[in-house]
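Okay, here's what each chain looks like letter by letter:
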Amino acid sequence: TAAGYNGVGGNGMFTQFHDTYNGQYLSILIPGKQCFDLVVAWTALLGFPRIFPYASAYQIWTEFDPAVQGLYLTKIPRTDTNYPQIGDIVVWSPSLNGGAGHTGVATGTGNSGAFFSFDQNFPVGSPCHDQLHDYGSVYGWLRPTLGIPSEPTASEFTVNFKYKIFKNNLGL
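Caption draft 1: Just unusual backbone geometry, in detail. In this structure, the amide linkage connecting Phe122 to the following residue, Pro123, adopts the cis form with an omega of 0°. On the secondary structure map, Pro123 appears in the loop between strand E4 (115-119) and strand E5 (129-133). For Lys33, which is not a glycine, the phi torsion comes out positive at approximately 60°. If you trace the backbone, Lys33 turns up in the loop between helix H1 (12-21) and helix H2 (35-45).

Structure representation (structure tokens):
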């Protein structure tokens, strides 16, 4: 796994992401302010290209391609004995949220019965925040696998993140 965000050597990258956007709305895709925007922002910060060309959150799981998303993420199905780690992208089936499913970024707090993720638009209309979930409708999670550069300073984080989002919006 990638040091720098997942507890191995600290969780600075996720903490900065969380602290920057907690209570805020992220609007990257159209129509914006969706759960998917948060995950696109997280993967952009990790330095990934736009790897989720989907319309609905559940497709992050069902359309996962080892030759594309698998270059950056490990697909981990939910079982009764595992739970997501900090920075994992959790994906819910279409049985949640009227067919679109849901996605969020695990905070690293949880156990085999429940966990917290950093979510947007859950409940509907809510800004980025920590949300307690049980495992109902959870397909599993995607764990980033590439190494992450050393943790940025707060000013580098803000500038680099905004630049990455700008580049991704242009398809670069």
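Caption draft 2: Representation of the packing of aromatic side chains in the model. In the structure shown here, the tally under the stated rule is 12 aromatic pairs. Pairing Phe17 with Tyr21 gives two aromatic rings, centres 5.7 Å apart and planes at 50°, and the pair type is tilted. In this pair, Phe17 and Tyr21 are both assigned in helix H1, 4 residues apart and thus about one turn of the helix distant. Overall, Tyr21 belongs to the buried group, its relative accessible area being 12%. Phe17 sits in the buried class, given a relative accessible area of 0%. One aromatic cluster is present, formed by Phe14, Phe17, Tyr21, Trp42 and Phe118 through successive ring pairs. A cation over a ring is seen here: Lys33 above Tyr25, with NZ or CZ 4.7 Å from the ring centre. In this structure, Lys75 packs its charged tip against the face of Trp61, placed 4.6 Å from the ring centre.

Definitions and limits used
Residues numbered from 1 in each chain as written. Predicted model: local features only at pLDDT ≥ 70, side-chain atom pairs only at ≥ 80, totals over all residues. Heavy atoms only, no water. Helix = DSSP H or I, 4+ residues; strand = E, 2+ residues; numbered from the N terminus. Phe/Tyr/Trp six-rings, centres within 6.5 Å; stacked < 30°, edge-to-face > 60°. Buried < 20%, exposed > 50% of the residue type's maximum accessible area, 1.4 Å probe, protein only. Lys NZ or Arg CZ within 6 Å of the ring centre and 35° of its normal.

That's the geometry; what it means functionally is another story.
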